[in-house]
Amino acid sequence: MKSLQEEHSAVPPKYEYIEHTADLGFRAYGTSPELLFANAAEALFEVLVSLETIRPKEERIVEVEAPGFDALMVSWLSELLYLFDTEGLLLNLFEIKRIEEDYLRATVCGEFMDPARHEIRTGIKAVTYHKLYVRKNDGMWETQVIVDL
Amino acid sequence: MPRDIAVEKLDDFRWLIPKTGKMRTQGLVYTDETMLATIKKDASLEQVANVACLPGIVGRSMAMPDIHWGYGFPIGGVAAFDMENGIVSPGGVGYDINCGVRLLCSRLDAGDIKDHIPGLVNALFRNIPCGVGSRRKDLKLSARQMNDVLVKGAKWTVSCGYGSAKDLDHIEEGGCIMGANPEHVSERALNRGKNQLGTLGSGNHFVEVGFVEEIYDETVAEALSLHKGQVTVIVHTGSRGLGHQVCDDYIKLMLKASGKYKIDLPDRQLCCAPLSSKESSQYLAAMACAANFAFCNRQLIAYWVQETIQDVLQMGPGELGLSLVYDVCHNMAKIETHEVDGRQKQLCVHRKGATRAFPPQSPFIPQDYKEVGQPVLIPGDMGRYSYVLVGTDTAMKETFGSTCHGAGRLLSRHQAKKVAKGRAIVRELEDKGIYVRSAGKGTLAEEIPEAYKDVSSVVNVVHNAGIGKKVARLKPLGVIKG
């Protein structure tokens, strides 16, 4: 996992984890909403498993609707978590095809969990609205998400 | 940095958060001076104050000594709402609806099983699905059976032969929350739950074999069939993906409802709807389904625990004598009647990481515990101890019959991993006489004993404040974690 120290480097990292006593949070960044949502998805799956161990063999099209970018972020990440929970799909490639404030369509790739190759770090129960934001600062998009472990 | 919240000391174990800003009532935190210093470091006091802003709150917005920063409500939070003007909030119950604990006792003494612990723990690890994605291949539910699970709870499990009918008396609400209606549970929730019945899950969930190390109240312990040296088992798990999805679905609905009913929210995660609304009735019906799923889950796991111990120790059910002491819920919103200003009033009591702790003579506790009060089970961390308490009249008067639920985290998971780095946690625990197996690679590091408050300081606060009474302390011998 990326450390907090990257916060002070000139180029922001794709994402970084933040401290929360019981659960886990992250901030993700991107120069566009497309990259922001893709990077947040990477941050989510990196909590579950090392992304490097996932081979992009299965493809899915994901479509979500929600009122506003921040609710859209929760719906998007929850949808990915649902794919993992119900099908065992671990994902590492996220291509946002279309994004509006209340709609997102993406192609996501990954593979089914194989206990022989994937060491699950921890389970994630849900993506919360607590301290949630999606915002744009000086041309850089940023989100903060707290997940329930 | 968390907002600075003023607190006033009432006595050594009670701290008041005065009413300020949009708060409709005061906050009350049960803790001591030392733990308060830690609590102040995160945003949990702010969360107590936020809950006090919700409409129709009755009495104070309370927090138990295991309080820590949650999302929306603090973990360790208790709040009751008026049925006419109050609200229900899915975030005030949490994602793991009816996460809870059950305690089983046996006829064995610690000495009888000491040499069998590694074999026993390995067998439990094989037989009880734990960790992400694991399941029992021999348990497949049809849609109709799933419906029964959601409506009947542990009653269904018992009717299928897992455990005995007398277990039901020793489960909070008889193992079945009334009013469950699967029509209000989404397809997604059913999909997330269908392969997870009878699974432990990950994170802080566990099965622990241990023994009674200390008795504080002989009379009460005897009524609960507990004695020193006796082998016990604790099961800690909840409603798994089904409950998480129910919470998720209804938070979405309640975000809309909060707008519709013009409820001013200090944090969106507190979204809620009036108890008199359609949205609330639907949530409570779905929450009851998830709670019933969790009761079934613990009942099934306890049954497999019994099977496994019998198998490993080569003994029959009579010789082992494993019986259910009690099963309590930690994350629930319940419609209960409490005395408010001298009058009986129906309230919706939210316990988010808190335990119901009803006193002796309560009509809602098992007949055989009538004289001593409802058992309260407080698991600690895996390296130290857990406690058995009973509910009290003071709890009934002050906290709507509620008390603490566990040790409460001290370190974030990230910090815990840093502290654990390079250490052989399994060996350290083995040196203390505790044999541990865990499914997740990170789980053991995240769950190291130092990551938690010492549960004895938490329990001492509720005991000294009178909102729980210490009965016994249990020590772990073997643990399986998700």
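## Section: the overall build of chain B
Right, on to step 1. Scanning chain B from terminus to terminus reveals 17 helices and 19 strands.
Right, on to step 2. Taken over the C-alpha trace, chain B has a radius of gyration of 21 Å; the compact-globule value for 482 residues is 23 Å, and the two agree within 12%.
Right, on to step 3. In terms of its C-alpha atoms, chain B occupies a principal-axis envelope of roughly 60 × 50 × 50 Å.
Right, on to step 4. Taking all 482 residues of chain B together, the buried fraction comes to 65%.
Right, on to step 5. Where the 58 positive side-chain charges of chain B centre and where its 53 negative ones centre are 7 Å apart.

## Quick notes on the overall build of chain A
Right, on to step 1. Each helix and strand in chain A was counted, giving two helices and eight strands.
Right, on to step 2. Its helices and strands taken in sequence order, chain A reads β-β-α-β-α-β-β-β-β-β from the N to the C terminus.
Right, on to step 3. Against the compact-globule benchmark of 15 Å for 149 residues, chain A has a radius of gyration of 14 Å, which places it among compact chains.
Right, on to step 4. Overall size of chain A, expressed as C-alpha extent along the three principal axes, is 45 × 35 × 25 Å.
Right, on to step 5. Looking at chain A as a whole, 63% of its 149 residues are labelled buried.
Right, on to step 6. Carbon and sulfur atoms form 48% of the exposed surface of chain A, whose accessible area is close to 6100 Å².
Right, on to step 7. Here chain A contributes 15 positively and 27 negatively charged side chains, and the mean placements of these two sets differ by 2 Å.

## Some remarks on the sheet that holds strand β5 (residues 103-112) of chain A
Residue and element names in this part refer to chain A.
Right, on to step 1. Judged by pairing direction, the sheet is antiparallel, and its three strands sit side by side in the order β3-β5-β4 without closing on themselves. Among the strands making up the open sheet, the edge pair consists of β3 (58-65) and β4 (89-100). If you compare each strand with its neighbour and ignore which way they point, the axes differ by 25 degrees on average.
Right, on to step 2. Bridge count for β4 against β5 is 10 bridges, and the pairing is antiparallel. From the neighbouring strand, Glu95 faces β5, where its bridge partner is Thr107.
Right, on to step 3. Against the sheet, helix α1 (residues 33-48) contacts β4 and β5, and its axis sits at roughly 165 degrees relative to β4.

## Overview of the interface of chain B and chain A
A common way to state how big an interface is: give the accessible area lost once the parts meet.
Right, on to step 1. Listed as interface residues are 40 residues of chain B and, on the opposing side, 31 residues of chain A.
Right, on to step 2. Together chain B and chain A conceal approximately 3200 Å² of surface at their shared face, both sides included; 52% is due to carbon and sulfur atoms.
Right, on to step 3. At the boundary of chain B and chain A, one finds four salt bridges.
Right, on to step 4. With a closest N to O distance of 3.6 Å, Asp96 of chain B and Lys125 of chain A form a salt bridge.
Right, on to step 5. Remark: the boundary between chain B and chain A carries 16 residue pairs in polar contact (both at pLDDT 80 or more).
Right, on to step 6. Secondary structure elements with two or more residues in the side of chain B that touches chain A: α2 (44-51), α8 (187-193), α10 (240-260), α14 (413-420) and α16 (443-446) of chain B.
Right, on to step 7. Considered class by class, the residues forming the side of chain B that touches chain A number nine nonpolar, 17 polar and 14 charged.

## As for the side chain of Asp66 of chain B
Residues and elements named next belong to chain B.
Right, on to step 1. Position of Asp66 among the secondary structure elements: in strand β4 (residues 57-68).
Right, on to step 2. Lacking a salt bridge, the buried Asp66 has Lys453 as its closest oppositely charged neighbour, with an N-O distance of 6.6 Å.
Right, on to step 3. Within the structure, Asp66 has its side chain in polar contact with the side chain of His405 (distance 2.6 Å).
Right, on to step 4. In this structure Asp66 touches Ile75, Gly76, Gly353, Cys404, His405, Gly406, Ala407, Gly408, Lys453 and Val458, once residues within four positions along its chain are discounted.

## Some thoughts on the sheet that holds β4 of chain B
Residues and elements named next belong to chain B.
Right, on to step 1. In space, the seven strands of this open sheet follow the order β1-β2-β3-β4-β5-β13-β12, with mixed pairing throughout. Looking at which strands have only one partner, the edges of the open sheet turn out to be β1 (8-11) and β12 (331-340). This sheet shows a mean twist of 25 degrees between the axes of neighbouring strands, independent of strand direction.
Right, on to step 2. Note: β4 against strand β5 (residues 75-82), five bridges, orientation antiparallel. Each residue of the ladder has a partner; that of Met62, found in β5, is Val78.
Right, on to step 3. Of the strands in this sheet, β2 (14-17), β3 (27-30), β4 and β5 touch α2, which is tilted by about 165 degrees from β4.

## Section: the confidence of the model for chain A
Residue and element names in this part refer to chain A.
Right, on to step 1. Counting all residues, the mean pLDDT for chain A is 90, and 91% of those residues have values of 70 or more.
Right, on to step 2. The least confident element of chain A, judged by mean pLDDT, is strand β1 (residues 15-18) at 92; the most confident is β5 at 98.
Right, on to step 3. Note on residues 1-7: pLDDT under 50 across the span, and 15 contacts to partners over four residues away in sequence or across chains.

## Thoughts on a negative patch on the surface
Right, on to step 1. A cluster of like negative charges, contributed by Glu63, Glu65, Glu101 and Asp102 of chain A, occupies part of the molecular surface.
Right, on to step 2. With respect to the helices and strands, the residue Glu65 of chain A is situated in strand β3.

## Observations regarding the environment of Gln415 of chain B
Right, on to step 1. Note that Gln415 of chain B resides in helix α14.
Right, on to step 2. Sequence separation between Gln415 of chain B and Gly193 of chain B is 222 residues, and the spatial gap between their C-alpha atoms is 31 Å.

## Considerations on the environment of Arg60 of chain B
Residues and elements named next belong to chain B.
Right, on to step 1. Assignment of secondary structure puts Arg60 in strand β4.
Right, on to step 2. As a C-alpha pair, Arg60 and Asp11 span 49 residues in sequence and 16 Å in three-dimensional space.
Right, on to step 3. Of note is the side chain of Arg60, whose polar atom sits 3.1 Å from the side chain of Gln26.

## Some details on unusual backbone geometry
All names here are of chain A.
Right, on to step 1. Its identity as a non-glycine residue notwithstanding, Lys131 has a phi of 55 degrees, on the positive side.
Right, on to step 2. Here Lys131 is to be found in the loop between β6 (126-127) and β7 (133-137).
Right, on to step 3. A relative accessible area of 34% means that Lys131 is categorised as partly exposed.

## Here we look at the pairing of strand β8 (residues 206-215) of chain B
All names here are of chain B.
Right, on to step 1. Most of β8 sits out of view: eight of its 10 residues are buried.
Right, on to step 2. Here β8 runs beside strand β9 (residues 230-237); their pairing, made up of six bridges, is antiparallel. Each bridged residue has a counterpart across the sheet, and for Val209 the counterpart in β9 is Val233.
Right, on to step 3. Taken together, the nine bridges between β8 and strand β19 (residues 469-481) define a ladder with antiparallel strand orientation.

What counts and what doesn't
Counting restarts for each chain: residues are numbered from 1 in the order of the written sequence. As they are written, the chains are lettered A onward and the ligands numbered 1 onward, keeping that order. Per-residue local features of the predicted model are confined to residues with pLDDT of at least 70, and side-chain atom pairs are confined, for both listing and counting, to 80 or more; whole-chain, interface and lining totals are unaffected and use all residues. Hydrogens and water are ignored here; the side-chain numbers use all heavy atoms of the structure. In DSSP terms, a helix is any run of H or I states spanning at least four residues, a strand is any run of E spanning at least two, and both are numbered starting from the N terminus. The globule rule used here is 2.2 Å times the number of residues to the 0.38 power, and the radius of gyration it is set against is calculated over C-alpha atoms. Relative accessible area decides the class of each residue, using a 1.4 Å probe on protein chains only: under 20% of the type maximum gives buried, over 50% gives exposed, and in between gives partly exposed. This count recognises Lys and Arg as positive and Asp and Glu as negative, with His and chain-terminal groups excluded. Charged groups are reduced to one reference atom each: NZ for lysine, CZ for arginine, CG for aspartic acid, CD for glutamic acid. For the accessible areas, the method is Shrake-Rupley and the probe is 1.4 Å, while residue cover comes only from the protein chains on display. Strands are labelled as partners when DSSP assigns at least two bridges between them. All axes are obtained by fitting lines to C-alpha atoms, using only the stretch in contact for helices, and the reported angles, taken between N-to-C directions, cover 0 to 180 degrees. Residues count as neighbours in contact if any of their non-hydrogen atoms are within 4.5 Å of one another. Buried area is calculated as the accessible area (1.4 Å probe) missing from two parts once they are joined, with the contributions of both summed. Think of a salt bridge as a Lys or Arg side-chain nitrogen and an Asp or Glu carboxyl oxygen that are within 4 Å of each other. Under this definition, polar contacts are N or O atom pairs within 3.5 Å; protein pairs additionally need one hydrogen-donor-capable and one acceptor-capable atom, and for neighbouring residues in sequence, both atoms have to be side-chain atoms. Nonpolar residues are Ala, Val, Leu, Ile, Met, Phe, Trp, Tyr, Cys and Pro. Charged residues are Asp, Glu, Lys and Arg, and all others, Gly as well, are polar. A score from 0 to 100, pLDDT tells how confident the predictor is in each residue. Distance thresholds for patches are 9 Å for like charges and 5 Å for nonpolar side chains (Val, Leu, Ile, Met, Phe, Trp, Tyr), applied to residues having over 30% relative accessible area and no salt bridge.

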